[in-house]
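Now for the letters of each chain:
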Amino acid sequence: MSNVQIEESWKEALKDEFEQPYFQALATFLRNEKKNGKTIYPPGPLIFNAFNTTPFDEVKVVILGQDPYHNPGEAMGLSFSVPKGVRIPPSLQNIYKELKDDLGVSIPGHGDLTSWAEQGVFLLNAMLTVERNKPRSHQKAGWQAFTDAVIRRLSDQREGLVFMLWGGFARQKNQLIDGSRHLVLEAAHPSPLAGGAFFGSRHFSKANAYLEKQGKEPVDWRL
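This text gives an overview of the structure that appears in the document.

Rules used in this analysis
- Residues numbered from 1 in each chain as written.
- Predicted model: local features only at pLDDT ≥ 70, side-chain atom pairs only at ≥ 80, totals over all residues.
- Heavy atoms only, no water.
- Helix = DSSP H or I, 4+ residues; strand = E, 2+ residues; numbered from the N terminus.
- Rg over C-alpha atoms; globule rule 2.2 N^0.38 Å.
- Buried < 20%, exposed > 50% of the residue type's maximum accessible area, 1.4 Å probe, protein only.
- Areas by Shrake-Rupley, 256 points an atom, 1.4 Å probe, with all protein chains shown as cover.
- Lys, Arg positive; Asp, Glu negative; His and termini not counted.
- Charge placed at Lys NZ, Arg CZ, Asp CG, Glu CD.
- Salt bridge = Lys/Arg side-chain N within 4 Å of Asp/Glu carboxyl O.
- Expected span 1.5 Å × (residues − 1).
- Contact = heavy atoms within 4.5 Å.
- Phe/Tyr/Trp six-rings, centres within 6.5 Å; stacked < 30°, edge-to-face > 60°.

**Examining the overall build of the protein**
Right, on to step 1. Check the secondary structure of the protein and you find nine helices and six strands.
Right, on to step 2. Against the globule reference of 17 Å for 223 residues, the protein gives a C-alpha radius of gyration of 17 Å, in line with a compact fold.
Right, on to step 3. Overall, the C-alpha framework of the protein stretches about 50 × 35 × 25 Å when taken along its three principal axes.
Right, on to step 4. Taking all 223 residues of the protein together, the buried fraction comes to 53%.
Right, on to step 5. Carbon together with sulfur atoms contributes 47% to the accessible area of the protein, which is approximately 10,100 Å² in total.
Right, on to step 6. Within the protein, the 25 negative side-chain charges are centred at a point lying 6 Å from the centre of the 26 positive side-chain charges.

Written out as structure tokens, the structure reads:
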């Protein structure tokens, strides 16, 4: 992990975390996993893709996922996103359906959310790596200490952000966020396993209305 580059504003905001024993242990864990022949997703250069695409000072919206996709070719370091040409996962299909119902956005034919990230939508997973075909395999590797610190830094050092917390796991993170300084939107997870409870949350229009009230440019959710 020492060769992974993180965008400068994040490097400054998180400099204390990189020196913490848990982070050193995390780096050692990942090196050992690779030495032992395990396949880790996303590929090394994409582990911090969300940070490199959305600088700290440009974050407007945070969408929190759990851990990266664990099938070959899917994980790209942005929560819920897959590269163009890869089948759109069921949760993302439901996000698209909600977007269409909420804002009339036509459903795209791909799952690459990079253009959201470039507009200030920070697509953060709580765990930044996973072993191939083993969901949640890195849940106890130390990533959550790191990403909890990320959420706290955004809450403490920025004003007027929108946090979208979908599903029970993400909603537990609301305790890290100062709700008097930011808009916290909670809903069921977009997974089909939630039985459609995600639909009707209208988070995308609520986010844009709030951003405009803050004098910020709304997100163009079209892909």
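Once the structure has been displayed, the description carries forward.
**Brief notes about the pattern of salt bridges**
Right, on to step 1. Going through the model one piece at a time under the given rule, you end up with ten salt bridges.
Right, on to step 2. Between Asp102 and Arg202 there is a salt bridge, with its nearest N and O atoms 3.5 Å apart. You can see Asp102 sitting in helix 5 (residues 90-103) and its partner Arg202 sitting in the loop between strand 6 (183-187) and helix 9 (203-213), a full 100 residues away along the chain.
Right, on to step 3. Among the residues examined, Arg202 registers a relative accessible area of 37% and is labelled partly exposed.
Right, on to step 4. Of the charged contacts, one joins Asp148 and Lys173 as a salt bridge, the two residues approaching to 2.7 Å between their closest N and O atoms. Pair noted here: Asp148 is in helix 7 (residues 143-157) and Lys173 is in the loop between helix 8 (167-171) and strand 6, with a separation of 25 residues, a long-range link.

**Some points on helix 5**
Right, on to step 1. With 14 residues, helix 5 should reach 20 Å at 1.5 Å per residue; the first-to-last C-alpha distance of 20 Å fits that figure.
Right, on to step 2. Of all the residues in helix 5, the buried ones are Ser91, Leu92, Asn94, Ile95, Tyr96, Glu98, Leu99 and Asp102.
Right, on to step 3. Buried residues along helix 5 sit against helix 6 (114-118), strand 5 (162-166) and helix 9.
Right, on to step 4. Where helix 5 terminates, the next one or two residues include Gly104, which has phi positive at roughly 75°.

**Here we look at the packing of aromatic side chains**
What describes a pair of aromatic rings is the distance from one ring centre to the other and the angle between the planes of the rings.
Right, on to step 1. Scanning all chains against the criterion turns up 21 aromatic pairs.
Right, on to step 2. Taking the centre distance of 5.1 Å and the plane angle of 85° together, the rings of Trp10 and Phe56 count as edge-to-face. In this pair, Trp10 is assigned in helix 1 (residues 8-13) and Phe56 in the loop between helix 4 (49-53) and strand 2 (61-65), connecting sequence segments 46 residues apart. For the pair Trp10 and Phe56, a shared accessibility class is recorded, and that class is buried.
Right, on to step 3. With a centroid separation of 6.0 Å and an interplanar angle of 65°, the aromatic rings of Trp143 and Phe146 are classed as edge-to-face.

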